[in-house]
Amino acid sequence: MAVPAPRAAESFWSGDADGLLERLASRASGLSSTEASARSTDVRLHAPRRMATWKLAVRQVENPIVLLLIGAAVLSMALGDTIDSTIILVITVASAVLGYVQERGALRAVEDLMAAVRAHATVLRDGVEAKVALDDVVPGDVLVLRAGDVIAAD
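What you see is a predicted model; the values in this text were computed from it and never measured. (Residues numbered from 1 in each chain as written. Predicted model: local features only at pLDDT ≥ 70, side-chain atom pairs only at ≥ 80, totals over all residues. Heavy atoms only, no water.)

Enquirer: Give a description of unusual backbone geometry that names residues and reports values.
Expert: Positioned with a positive phi, Asp 126 is a non-glycine residue whose angle comes to about 55°. Considering the arrangement of structural elements, one finds Asp 126 in the loop between β1 (120-125) and β2 (128-133). Judged by relative accessible area, which is 49%, Asp 126 ranks as partly exposed. (Helix = DSSP H or I, 4+ residues; strand = E, 2+ residues; numbered from the N terminus. Buried < 20%, exposed > 50% of the residue type's maximum accessible area, 1.4 Å probe, protein only.)

If you want it as structure tokens, here you go:
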């Protein structure tokens, strides 16, 4: 079941609760487990972002200093100084490879930490409170909020 997206003029915080529940095809007692699982295939509120490997490699070359060094190597080669241009290129490539390996390792470490520290939300499912992972919160879920809670899809 596709849930219609709220229009900009009808912001969820400015309307009444009954109208919002109606727009999201929900009810005050929350969704049933089957409704929530059906909606989870339609949309994800909290999707993990992962950088593509090629984007990570391109980021190493986008640095203005790296581009300047590559330009200097090309200019040096055009002027016939192959030794200096080779040294500049070797150092630049080594620096880019090292930066790529370090950044990839850092991103993987962050992903591992995020996987270890799973955030949960309390929602009403089948009329009772249930703890679910933030990834499993769907439009129409009724969140039970307490002081200090992480708000799903925030």
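Enquirer: Break down the pairing of β2 for me, citing the residues and quoting the values.
Expert: Pairing of β1 with β2 involves six bridges; the strand directions are antiparallel. Bridging across to β2, Val 123 finds its partner in Ala 130. Between β1 and β2, which pair antiparallel one after the other, the connecting turn spans two residues, and Asp 126 there sits at a positive phi close to 55°. (Pairing = 2+ DSSP bridges.)

Enquirer: So what's going on with the sheet that holds strand β3 (residues 142-143)? Residues and values would help.
Expert: Strands sit in the order β2-β1-β3 across an open sheet of three strands; the sheet is antiparallel. Edge positions in the sheet fall to β2 and β3, since each of these pairs with one other strand and no more. In this structure, β1 lies alongside β3, joined through two bridges in antiparallel fashion. Bridge pairing links Val 123 to Leu 143 in β3.

Enquirer: Lay out the packing of helix α3 (residues 53-61) against helix α5 (residues 82-116) in plain terms, naming residues and giving numbers.
Expert: Between α3 and α5, the least distance of the axes is 9 Å, while the angle of their chain directions is 135°. Looking at the two axes, α3 sits oblique to α5. As α3 runs across α5, the sense of the crossing is right-handed. Where α3 abuts α5, its residues Thr 53, Leu 56, Ala 57, Arg 59 and Gln 60 lie against Ala 96, Gly 99, Tyr 100, Glu 103, Arg 104 and Leu 107. Looking at side-chain class alone, the contact of α3 with α5 contains five nonpolar, three polar and three charged residues. (Axes fitted to C-alpha atoms, helices over the stretch in contact; angles between N-to-C directions. Parallel < 35°, antiparallel > 145°, perpendicular 65-115°, else oblique. Left-handed = near helix turned anticlockwise from the far one by under 90°. Contact = heavy atoms within 4.5 Å. Nonpolar A, V, L, I, M, F, W, Y, C, P; charged D, E, K, R; others polar.)

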